[in-house]
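Listed below are the residues making up each chain.
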Amino acid sequence: MALAQTLKAHLERHGVAWRTLRHPATASSHDTAAVVHVPEDHIAKAVVVRDERGPAMVVIPASHWLRLETLNAKLDRGFGLADESGLDRLFPDCAAGAIPPVGPAYGLETFVDENLASLARVFLEAGDHEALIEVSGEDFLRLQDGARRDYYSHDGTT
């Protein structure tokens, strides 16, 4: 499958330079980080949530867990995790479980975890299980088109 066309168009529309890191198929961000030799907390992970307004995306470090109660309290919303069975309609050019963490490319309201904001390089799922896209931290934030930033996750130790 390679690079999702929606992601590619979004990268090009924003004039973002990227590098593709091909790797053997992996089943998790943890495994991907190990095979491409990048820190797991530098891989941005998409978590799709839903409330009465519809779906949205929360982008967090792959090494972290979403704090759904924190997200809801900060936004005064009632998000729950989206049902995975409907994600293929939202991301038709992506393999299941390989969603690029760039909600604006797919027309989704997006929330970006502040833990990603200071990184020099950020790695994104490319739309399949065999490639990551590397972009500068500055470009990563530009790709998020108006996303709200705050702390929405924890690293599992807190």
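As shown above, the structure is provided for reference.
It should be emphasised that the depicted structure is a prediction, and the values quoted were computed from it without experimental measurement.

Rules of the game
- Residues numbered from 1 in each chain as written.
- Predicted model: local features only at pLDDT ≥ 70, side-chain atom pairs only at ≥ 80, totals over all residues.
- Heavy atoms only, no water.
- Salt bridge = Lys/Arg side-chain N within 4 Å of Asp/Glu carboxyl O.
- Helix = DSSP H or I, 4+ residues; strand = E, 2+ residues; numbered from the N terminus.
- Buried < 20%, exposed > 50% of the residue type's maximum accessible area, 1.4 Å probe, protein only.
- Pairing = 2+ DSSP bridges.
- Phe/Tyr/Trp six-rings, centres within 6.5 Å; stacked < 30°, edge-to-face > 60°.

Engineer: Can you help me understand the pattern of salt bridges in this one?
Structural biologist: As a working rule, side chains carrying opposite charge can pair if their charged atoms are close by. Evaluated as defined, the whole model comprises nine salt bridges. As a salt-bridge pair, Glu-130 and Arg-22 come within 3.7 Å of each other at their nearest N and O atoms. Of this pair, Glu-130 sits in the loop between β7 (121-125) and β8 (131-136) while Arg-22 sits in strand β1 (residues 19-22), and the two are 108 residues apart along the sequence. Glu-130 sits in the partly exposed class, given a relative accessible area of 34%. Using a relative accessible area of 49% as the deciding quantity, one classes Arg-22 as partly exposed. In this structure, the salt-bridge partner of Asp-150 is Lys-74, at a minimum N-O distance of 2.8 Å.

Engineer: What am I meant to see in the pairing of β8 here?
Structural biologist: On a regular strand, one side chain projects to one face of the sheet and the next to the other, so that they alternate. Across the six residues that make up β8, a large majority, six, are buried. Neither face of β8 is left uncovered, since the one carrying Ala-131, Ile-133 and Val-135 and the one carrying Leu-132, Glu-134 and Ser-136 both have all their residues buried. In this structure, β1 lies alongside β8, joined through four bridges in antiparallel fashion. For Arg-22, the partnering residue across the bridge sits in β8 and is Ala-131. Alignment of β7 against β8, held across five bridges, turns out to be antiparallel.

Engineer: Just checking my understanding: could you explain the packing of aromatic side chains for this structure?
Structural biologist: Here a ring pair, both rings aromatic, is described through the centre-centre distance and the interplanar angle of the planes. Taken as a whole and judged by the stated rule, the model has three aromatic pairs. Aromatic pair Phe-91 and Tyr-106: ring centres 4.9 Å apart, planes at 65 degrees, arrangement edge-to-face. Within this pair, whereas Phe-91 is found in the loop between α4 (87-90) and β6 (109-113), its partner Tyr-106 is found in the loop between α4 and β6, the two being separated by 15 residues in sequence. Both residues of the pair, Phe-91 and Tyr-106, belong to the buried class. With 6.2 Å between their ring centres and 75 degrees between their planes, Phe-111 and Tyr-152 make a pair best called edge-to-face. Of this pair, Phe-111 sits in strand β6 while Tyr-152 is found in the loop between β9 (148-150) and β10 (153-154), placing the two residues 41 residues apart along the sequence.

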